[in-house]
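Results of the structural survey
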2 protein chains.
Amino acid sequence: MPPRFQKPFNSPACPVEAALGLIGGKWKGIVLYHLLGGTLRFNVIRRYIPGVTQRMLTAQLRELEADGLIVRVVFAEVPPRVEYSLSAKGRTLEPLIMALRAWGEEHVMPSSDAEVAA
Amino acid sequence: MPPRFQKPFNSPACPVEAALGLIGGKWKGIVLYHLLGGTLRFNVIRRYIPGVTQRMLTAQLRELEADGLIVRVVFAEVPPRVEYSLSAKGRTLEPLIMALRAWGEEHVMPSSDAEVAA
DNA sequence: GCCTATAGTATCGAAAAGGATACTGTGATG
DNA sequence: CATCACAGTATCCTTTTCGATACTATAGGC
């Protein structure tokens, strides 16, 4: 059935956009995806994502934290250690991220060998 | 048009970002969502989304079309009529969009709780 | 004494995104 | 005749995003 909604939405009203607003940042998808595997340190994430700059990664992590999706724990050590992990809310994203990944593999990856093996 | 894969990205190639790249545009989520309900004309979509400009809507629709998610049919009439609908590939997004919507409703919407800044 | 690693900031500037406005052509309406 | 609606373009300009680079502090290694 046609899920048609028409509300004034200049304010907070479209849940699809709202969700996309939280996970749609340039690097958020991959960051979240990697964190699905467990706690990671800053530079580990960075090495997982060649191409992201320190500045960008910091910005994305801070946004994810501000949105309550990840947790940032700072250890008062030298050299500094900061660990990132998904919050409870962040973990609720798991099926979504996995669905995104499955869809991407099947419908966008150019290499056409989309093995949807979990 | 942003280059989707400017580099040999990270090792698993990141299908999550690939998917997000297609549906993560500023208005694509809502456009897709409305099209889930069936074929729509340009101005109908526009009226469903107050806040989008003609220029932006055109751009988003063209990108969706270029990515093969929607189909654009022009009728040689006066006044002009152009109809947009989901392609077969676009329809495969339905569960994803619905999941996005459900997650957004549950985890980000103000949902009866305005929470005005203190 | 210098280099490395850590997890960032600060600053600059290029590039892209996005908004506002004006314009197109034609048939029907007033 | 003037105006409206349609589905856009074209142009200009502001805002935001993003990358590159340089810098911080401190401990340990060489």
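Residues numbered from 1 in each chain as written. Chains lettered and ligands numbered in written order. Predicted model: local features only at pLDDT ≥ 70, side-chain atom pairs only at ≥ 80, totals over all residues. Heavy atoms only, no water.

An unreviewed UniProt entry annotates chain A as Transcriptional regulator, HxlR family originating from Bosea lathyri.

This next bit is on the pairing of strand 2 (residues 70–75) of chain B. All names here are of chain B. As judged from the six bridges shared by strand 2 and strand 3 (residues 81–86), these two strands associate in the antiparallel manner. Pairing of V74 across the sheet is with V82, part of strand 3. Remark: five residues form the turn of the hairpin made by strand 2 and strand 3, two consecutive strands paired antiparallel. (Pairing = 2+ DSSP bridges. Helix = DSSP H or I, 4+ residues; strand = E, 2+ residues; numbered from the N terminus.)

Once that is clear, we can look at the pattern of salt bridges. Two side chains of opposite charge can pair, provided their charged atoms sit close to one another. All names here are of chain A. By the definition in use, this model includes eight salt bridges over all chains. Taking the shortest distance from any N to any O, the salt bridge between R81 and E83 comes out at 2.9 Å. Notably, a salt bridge pairs E105 with R101, separated by 3.5 Å at the nearest N-O pair. With a gap of four residues between them, E105 and R101 both fall in helix 6 (residues 94–107), about one helical turn apart. Just as E105 is buried, R101 falls in that class too. Here the residues in one salt-bridge network are E77, R81 and E83, joined through shared partners. (Salt bridge = Lys/Arg side-chain N within 4 Å of Asp/Glu carboxyl O. Buried < 20%, exposed > 50% of the residue type's maximum accessible area, 1.4 Å probe, protein only.)

The next subject is the relation of the copies chain B and chain A. Note on the identical chains: chain B maps onto chain A by a rotation of 180° and an axial translation of 0.0 Å, with an RMSD of 0.1 Å. Here the two chains are linked by the operation of a two-fold rotation axis. Closest approach to the rotation axis among the C-alpha atoms of chain B is made by G24(B), whose C-alpha sits 2.9 Å away. Both copies share a contact surface, since 82% of the interface residues of chain B are interface residues in chain A too. (Least-squares fit on C-alpha atoms with pLDDT ≥ 70 in both. Contact = heavy atoms within 4.5 Å.)

All names here are of chain A. Pairing in this open sheet of three strands is antiparallel, and the strands run 1-3-2 from one edge to the other. Of all the strands in the sheet, just strand 1 (40–41) and strand 2 (70–75) have a single pairing partner and so form its edges. Along the sheet, helix 2 (residues 28–35) makes contact with strand 1, strand 2 and strand 3 (81–86), crossing strand 3 at roughly 90°. Across the face of the sheet, helix 4 (residues 54–66) comes into contact with strand 2 and strand 3 while running at roughly 115° to strand 2. (Axes fitted to C-alpha atoms, helices over the stretch in contact; angles between N-to-C directions.)

If you look at the biggest cluster of nonpolar residues, it comprises 64 residues, and the most contacted ones within it are I45(A), I70(A), I45(B) and I70(B). For this core, the element with the highest residue contribution is helix 1 (residues 15–23) of chain B, accounting for six residues. (Core = buried A, V, L, I, M, F, W, Y, C linked by side-chain atoms within 4.5 Å.)

This brings us to the sheet that holds strand 2 of chain B. Residues and elements named next belong to chain B. The three strands are arranged 1-3-2 in an open sheet whose pairing can be described as antiparallel. Edge positions in the sheet fall to strand 1 (40–41) and strand 2, since each of these pairs with one other strand and no more. In this sheet, strand 3 lies alongside strand 1 in antiparallel orientation, the contact comprising two bridges. Residue R41 lies in a different strand from strand 3, and its bridge partner there is E83. Strands in contact with helix 2 (residues 28–35) are strand 1, strand 2 and strand 3; relative to strand 3, the strand with the most contacts, it is inclined by about 90°. Strand contacts of helix 4 (residues 54–66): strand 2 and strand 3, with the helix running at about 115° to strand 2, the strand carrying the most contacts.

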